Amino acid sequence: MSEEVFPAGELMKGKRGLIMGVANRNSIAWGIARQLAAQGAELCFSYQGEELERRVRPLVESLPCEPFMVSADVTSDADMDAAFAAIEKKWGGMDFLVHAIAFAGKEELQGSFVDKTTREGFRRAMEISAFSFVDAGRRAWPLMNNGGSMVTLTYLGAERVVPSYNVMGVAKAALEASTRYMARDLGPKGIRVNAISAGPVRTLAMAGISGGRALMKTGREWSMMKEDTRMEGIAGAALYLLSDLGHSCTGETLHVDAGFHAVAVPDFADEE
Ligand code: NAP
């Protein structure tokens with residue numbers, strides 16, 4: 001994975017925000033955080049559990065800003081209450097939110113969607129992967145005193161069928177619809193809400209999907225650009241949406257996948 005960060009600048013100077021979903025240095029949330037920090041943002045990171053804190057703290061402490069960390073399992077109201085109370089206490093307000101969290105059981109990310117999806121698996125995928133954005137947004141907006149911007153991460157499996165993505169595709173469809181409803185509610189308050197639909201990137205979450213390697217290969221071969229989706233592209237899109245560059249852009253699902261989403265048929269030799 002590329003470690004590239006765009007040249008340092010001040011696009012995020014004076015802006016403070018919460019990054020949810022860094023598990024390690026390959027996480028999309030980490031790629032975004034590095035880009036935001038290089039542009040002068042002040043960051044808070046949420047992590048799930050002590051093990052994660054041990055892994056994430058050294059990364060976070062390598063950033064040029066002075067980030068702080070809060071514990072937040074998104075399935076716990078008590079955790080979420082405490083995390084946002086800590087942010088309010090430390091900063092008094094915030095300007096942006098990055099939600100890069102998803103979960104579905106491994107057994108549900110393979111085979112037949114109709115046969116493998118259980119009541120509990122469906123509920124859990126929806127709660128962690130879709131509702132958690134609504135919940136975080138509901139807690140974040142009252143702290144956005146000068147307007148703000150929220151971004152979540154989604155995938156093409158929300159719009160079309162992707163083998164093995166199964167219940168996660170259904171949860172991502174709910175996440176994208178939630179993004180639009182949130183954008184409508186928060187628009188008059190000067191808060192924009194958008195989703196980035198990223199092409200496949202090698203991360204822990206990706207490793208949980210059966211056939212993830214084939215998904216990456218197909219992404220490369222079918223995409224308009226004939227290349228993998230690059231972290232810089234995803235982080236650059238987040239920077240656009242979270243900074244003032246993104247003025248007037250809300251309720252959008254922005255595809256960053258080397259053009260894969262717009263291709264209907266793979267290239268074939270022209271026989272005419
Ligand atoms: P990742 O590094 O594994 O990040 C997923 C994060 O979600 C982890 O930090 C994970 O923490 C967290 N999480 C799961 N359950 C949680 C809970 N109950 N409370 C708090 N955090 C929880 O994988 P990633 O690929 O960067 O995923 C980030 C986002 O991008 C996800 O929404 C994913 O669907 C989306 N996305 C990924 C790709 C891709 O190809 N990688 C493409 C499009 C969209 P734990 O490690 O503790 O579970």
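For the structure, check the block above.
My aim in this report is to walk through the structure given alongside it, one point at a time. (Residues numbered from 1 in each chain as written. Predicted model: local features only at pLDDT ≥ 70, side-chain atom pairs only at ≥ 80, totals over all residues. Heavy atoms only, no water.)

### Some points on the nonpolar core
At step 1: Core analysis: the biggest nonpolar cluster contains 40 residues, and Ile19, Leu36, Leu43, Phe45, Phe96 and Ile196 have the highest contact counts within it.
At step 2: Every element with two or more residues in this core is listed here: α1 (28-38), β2 (42-47), α2 (49-60), β4 (96-99), β5 (148-154), β6 (191-198) and α9 (231-242).
At step 3: In terms of residues, this core owes the most to one element, α9, which gives eight residues. (Core = buried A, V, L, I, M, F, W, Y, C linked by side-chain atoms within 4.5 Å. Buried < 20%, exposed > 50% of the residue type's maximum accessible area, 1.4 Å probe, protein only. Helix = DSSP H or I, 4+ residues; strand = E, 2+ residues; numbered from the N terminus.)

### Comments concerning the packing of aromatic side chains
At step 1: The tally for this structure, following the rule as stated, stands at four aromatic pairs.
At step 2: Pairing tyrosine 155 with tyrosine 165 gives two aromatic rings, centres 4.8 Å apart and planes at 70°, and the pair type is edge-to-face. Of this pair, tyrosine 155 sits in the loop between β5 and α6 (166-186) while tyrosine 165 sits in the loop between β5 and α6, placing them ten residues apart in sequence.
At step 3: Its relative accessible area of 11% is what places tyrosine 155 among the buried residues.
At step 4: Since its relative accessible area comes to 7%, tyrosine 165 is described here as buried.
At step 5: Taken together, a centroid distance of 6.2 Å and an interplanar angle of 40° make the contact between tryptophan 222 and phenylalanine 260 tilted. Of this pair, tryptophan 222 sits in helix α8 (residues 212-222) while phenylalanine 260 sits in the segment after β7 (253-256), and the two are 38 residues apart along the sequence.
At step 6: Here the guanidinium or amino end of lysine 90 rests over the ring plane of phenylalanine 68, the centre of that ring lying 5.3 Å away. (Phe/Tyr/Trp six-rings, centres within 6.5 Å; stacked < 30°, edge-to-face > 60°. Lys NZ or Arg CZ within 6 Å of the ring centre and 35° of its normal.)

### Comments concerning the site of the ligand
At step 1: Around the ligand, 27 residues are found, and the nearest of them are Ser27, Ile28, Gln48, Val201 and Thr203.
At step 2: One of the backbone N or O atoms of glycine 21 is found 3.2 Å from an oxygen atom in the ligand.
At step 3: In the model, an oxygen atom of the ligand is placed 2.7 Å from a nitrogen or oxygen of the valine 201 main chain.
At step 4: For the ligand, whose unbound accessible area comes to 880 Å², protein coverage reaches 90%.
At step 5: Broken down by secondary-structure element, the contributors of at least two residues to the shell around the ligand are β5 and α7 (204-207).
At step 6: The element contributing the most residues to the shell around the ligand is α7, with three residues.
At step 7: Residues belonging to the shell around the ligand are distributed by class as follows: 19 nonpolar, six polar and two charged. (Near = heavy atom within 4 Å. Polar contact = N/O pair within 3.5 Å; in protein donor to acceptor, adjacent residues only side chain to side chain. Areas by Shrake-Rupley, 256 points an atom, 1.4 Å probe, with all protein chains shown as cover. Nonpolar A, V, L, I, M, F, W, Y, C, P; charged D, E, K, R; others polar.)

### Re the packing of helix α5 (residues 119-140) against α6
At step 1: Where α5 meets α6, the axes come as close as 9 Å, and the angle between the chain directions of the two elements is 20°. As summarised for this structure, α5 and α6 are arranged roughly parallel, according to the angle between their axes. In the crossing of α5 with α6, the sense of the turn from one axis to the other is right-handed. Here α5 contributes Gly121, Phe122, Ala125, Met126, Ser129, Ala130, Phe133, Val134 and Gly137 to the contact with α6, which in turn contributes Val167, Met168, Val170, Ala171, Ala174, Leu175, Ser178, Thr179 and Met182.
At step 2: Partitioned by chemical class, the residues of the contact of α5 with α6 number 13 nonpolar, five polar and no charged. (Axes fitted to C-alpha atoms, helices over the stretch in contact; angles between N-to-C directions. Parallel < 35°, antiparallel > 145°, perpendicular 65-115°, else oblique. Left-handed = near helix turned anticlockwise from the far one by under 90°. Contact = heavy atoms within 4.5 Å.)

### Digging into the environment of glycine 208
At step 1: By the secondary structure assignment, glycine 208 is in the loop between α7 and α8.
At step 2: The class for glycine 208 is buried, based on a relative accessible area of 18%.
At step 3: Measuring from C-alpha to C-alpha, the distance between glycine 208 and glutamate 108 comes to 9.9 Å, with 100 residues separating the pair along the chain.
At step 4: Those residues in contact with glycine 208, other than ones at most four positions away along the chain, are Lys106 and Leu109.

### A short note on the packing of α1 against α9
At step 1: Relative orientation of the contacting elements α1 and α9 amounts to 60°, with a least axis distance of 9 Å. Regarding the angle of α1 to α9, the classification is oblique. Crossing of α1 over α9 shows right-handed handedness. Judged by residue contacts, Ile28, Gly31, Ile32, Gln35 and Leu36 of α1 engage Met231, Ile234, Ala235, Ala238, Leu239 and Leu242 from α9.

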